[in-house]
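This is what each chain is made of:
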Amino acid sequence: MALLTILRYPDPRLHTVAKPVQAVDARIRGLVADMLETMYDADGIGLAATQVDVHERVVVIDVSEQRNQPLVLINPEITWASEEVQVGDEGCLSVPGIYDGVERSTAIRVRALDGEGKERELAAEGTLAVCIQHEMDHLQGKVFVEYLSPLKRNRIKTKMLKARRDTERV
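Residues numbered from 1 in each chain as written. Predicted model: local features only at pLDDT ≥ 70, side-chain atom pairs only at ≥ 80, totals over all residues. Heavy atoms only, no water.

## A word on the overall build of the protein
Here is step 1 of the chain: The helix and strand tally for the protein stands at 3 helices and 7 strands.
Here is step 2 of the chain: Its helices and strands taken in sequence order, the protein reads α-β-β-β-β-β-β-β-α-α from the N to the C terminus.
Here is step 3 of the chain: Radius of gyration (C-alpha) of the protein: 16 Å, near the 15 Å computed for a compact globule of 170 residues.
Here is step 4 of the chain: When its C-alpha atoms are laid out on the principal axes, the protein stretches across 45 × 40 × 30 Å.
Here is step 5 of the chain: Here the protein displays about 9300 Å² of accessible surface, and carbon together with sulfur accounts for 49% of that area.
Here is step 6 of the chain: Side-chain charges of the protein comprise 22 positive and 27 negative groups, with the mean position of each set lying 7 Å from the other. (Helix = DSSP H or I, 4+ residues; strand = E, 2+ residues; numbered from the N terminus. Rg over C-alpha atoms; globule rule 2.2 N^0.38 Å. Areas by Shrake-Rupley, 256 points an atom, 1.4 Å probe, with all protein chains shown as cover. Lys, Arg positive; Asp, Glu negative; His and termini not counted. Charge placed at Lys NZ, Arg CZ, Asp CG, Glu CD.)

Rendered as structure tokens:
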């Protein structure tokens, strides 16, 4: 296993639409293991392959308290979303230190392949539902800040670019 580099907003590669995984093989299982290690190391609850510059439809999530219940979603599709929505603060490993309100469905159903390539359906609500929707946005090339006003988005972009320049100087 290896730690992967997480792309930082506004990196244009974050806007790449991910392609479907053709086969859950050793390469994909290795990617999943590396993504889980990277997510846990970064203290995140979700990570999409797009965020580590792999543009395939792979998501890993773990919203458990003990951080020991990893969920792998390959080629995920939302098959149902509640009309009821809620605004909640979201953050992102690609936009560190930034949190803001995003409106999401409170409950969803998703169909995906698991880490072994078996098809499964999952009903989710609360934090898990929000996390799945957030990570699936990444697969579509969308970062959560795009739900915010242009003013907020530009402020975040400026802050992230400044942080990158400051880091490069060190």
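## A word on unusual backbone geometry
Residues apart from glycine generally show negative phi values, whereas peptide bonds are mostly found in trans.
Here is step 1 of the chain: Look at the link from Tyr-9 to Pro-10: it is a cis peptide, with omega at 10°.
Here is step 2 of the chain: The topology assignment puts Pro-10 in the segment before helix 1 (26–41).
Here is step 3 of the chain: Not every positive phi belongs to a glycine, and Asp-53 is a case in point at roughly 65°.
Here is step 4 of the chain: Its location among the elements puts Asp-53 in the loop between strand 1 (46–48) and strand 2 (58–61).

## Comments concerning the sheet that holds strand 7 (residues 119–125)
Backbone hydrogen bonds hold the strands of a sheet together, and the pairing may be parallel or antiparallel.
Here is step 1 of the chain: Overall, antiparallel pairing links the 5 strands, which are arranged 1-2-3-6-7 in an open sheet. Here the strands that pair on one side only, and so sit at the sheet edges, are strand 1 and strand 7. Direction aside, the axes of adjacent strands within the sheet are offset by 40° on average.
Here is step 2 of the chain: Against the sheet, helix 1 makes contact with strand 1, strand 2 and strand 3 (71–81), and its axis sits at roughly 40° relative to strand 2, the strand it touches most.
Here is step 3 of the chain: The sheet strands contacting helix 2 (residues 126–139) are strand 1, strand 2, strand 3, strand 6 (107–113) and strand 7, and the helix crosses strand 7 at an angle near 120°. (Pairing = 2+ DSSP bridges. Axes fitted to C-alpha atoms, helices over the stretch in contact; angles between N-to-C directions. Contact = heavy atoms within 4.5 Å.)

## Description of the packing of aromatic side chains
Here is step 1 of the chain: Tallying each qualifying case throughout the model produces 0 aromatic pairs.
Here is step 2 of the chain: When the ring centre of Trp-80 is taken as reference, the NZ or CZ atom of Arg-109 above it lies at 4.7 Å.
Here is step 3 of the chain: The ring of Tyr-147 carries Lys-142 above its face, with NZ or CZ at 4.0 Å from the centroid. (Phe/Tyr/Trp six-rings, centres within 6.5 Å; stacked < 30°, edge-to-face > 60°. Lys NZ or Arg CZ within 6 Å of the ring centre and 35° of its normal.)

Honestly, it's all geometry; don't read function into it.
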